[in-house]
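Residue-level structure breakdown
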Amino acid sequence: MAKKIDEEALAEAYNRALELEKSGDVDAAVKAYEEVLAIDPEDHGGASVRIAAMGRGETPAKAPDAYVETLFDQHAEVFEDVLVEQLGYHVPMLVRQRLQALDLGPFKRLLDLGCGTGLTGGTLRDLCEEMTGIDLSENMVEIAHEKDLYETLFVAEAEDFLDDNDEDPFDIITATDVLPYLGGLEPLFFGAAENLAPGGLFIFSSETLPEATLAGRAYMVGPHQRFAHAETYVRERLAATGFEIVEITDINVRMEDGQPTPGHLVIAKLAQ
């Protein structure tokens, strides 16, 4: 039985931590976020990610499930408007453009990891016979369901789904805006390889930071509490998991505080 969270104490500690972080008192902010974690070990507020974003503590292997679920459940209703209209997020359209430019498709079975409200599903619907969508946020999946884009939808964490799934293999797997919530990529890449038919495509976007900022790290939590990955790390992990890179394109993932967020759009193919 999960112990009941003291919501008042949690809100107080979290708001205090945010204020301290804003004021630039990193030591005190970290201490306050540690209090938050003590009250809420599942970390619905992403305190561990915020500590890492300030350059302290261990970089987590991924954003906590409870945090990602809460974040997207809260924003589901306004998600598309904010992401597309305000943050200039056009990755799904870029995926479509690259597939067409490379003359890839049409596809039988697509798996859309982190499908959200169905942005990627909507742009690729006419290229696929059958689409399955997975998202951790139930509210997001409900909105995707209303659009009637996917034959099958699951509320699940991407890595868990890939680990448990024993359906027929897919011939294309997409993961747009999933990597910013993951640090270590081994489970995702391995899971994708296990669920693809030989020669199947794995297409995903990632965010990155300048080499000087990454300073030799494979990944780190960037200033906006999302994970940034080094291109060399992405390449190494794909090769180690049996993928061949079709192409890596430098892209602007989204605008943040009026600044572009650099990243990559990666198309990889599972070795035959």
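Scroll up to find the structure this text is about.
Scope of this entry: the structure provided in the associated data block. (Residues numbered from 1 in each chain as written. Predicted model: local features only at pLDDT ≥ 70, side-chain atom pairs only at ≥ 80, totals over all residues. Heavy atoms only, no water.)

1. Notes on the overall build of the chain
Within the chain one finds twelve helices and nine strands. Summarising its shape, the C-alpha atoms of the chain cover approximately 55 × 40 × 35 Å along the three principal directions. By the burial criterion, 50% of the 272 residues in the chain qualify as buried. Roughly 13,100 Å² of accessible area belongs to the chain as shown, and the carbon and sulfur atoms make up 50% of that amount. (Helix = DSSP H or I, 4+ residues; strand = E, 2+ residues; numbered from the N terminus. Buried < 20%, exposed > 50% of the residue type's maximum accessible area, 1.4 Å probe, protein only. Areas by Shrake-Rupley, 256 points an atom, 1.4 Å probe, with all protein chains shown as cover.)

2. Observations concerning the nonpolar core
If you look at the biggest cluster of nonpolar residues, it comprises 39 residues, and the most contacted ones within it are L99 and I203. Residue contributions to this core peak at four residues, all from helix α4 (residues 65-75). For I203, the residues in contact, after removing those within four places along its chain, are V95, L99, I172, I173, T174, A175, L265, V266 and I267. If you look at the next biggest cluster of nonpolar residues, it comprises 34 residues, including L162, F170, F202 and F243. (Core = buried A, V, L, I, M, F, W, Y, C linked by side-chain atoms within 4.5 Å. Contact = heavy atoms within 4.5 Å.)

3. Looking at the environment of P60
Residue placement: P60 occurs in the loop between α3 (47-53) and α4. Owing to a relative accessible area of 16%, P60 belongs among the buried residues under this scheme. Taking the C-alpha atoms as reference points, P60 and N165, 105 residues apart in sequence, are found 25 Å from one another. Not counting chain neighbours up to four residues away, the residues in contact with P60 comprise S48, A52, G183, Y219, V221 and F227.

4. Remarks on the state of the cysteines
A full pass over the atoms with the stated rule returns zero disulfides. Not part of a disulfide, C128 finds its nearest cysteine sulfur in C115, a span of 13 Å. C128 gets classed as buried once you look at its relative accessible area, which sits at 8%. (Disulfide = S-S within 2.5 Å.)

5. Regarding the pairing of strand β3 (residues 152-155)
Two strands pair when backbone bridges link them, and strand β2 (residues 128-135) and β3 are joined in this way by four bridges, in the parallel orientation. What sits directly across from I134, in β3, is F154. As a crossover connection, the stretch from β2 through helix α8 (residues 138-147) into β3 is right-handed. (Pairing = 2+ DSSP bridges. Right-handed = clockwise from strand over helix to strand, strands pointing away.)

6. Details of the pairing of strand β4 (residues 170-175)
On a regular strand, each side chain points to the face opposite its neighbour's, so the side chains alternate between the two faces of the sheet. With five of its six residues buried, β4 lies for the most part within the structure. Here strand β1 (residues 107-113) runs beside β4; their pairing, made up of three bridges, is parallel. Bridge pairing in β4 links D112 to T174. Note: β4 against strand β5 (residues 196-207), five bridges, orientation parallel.

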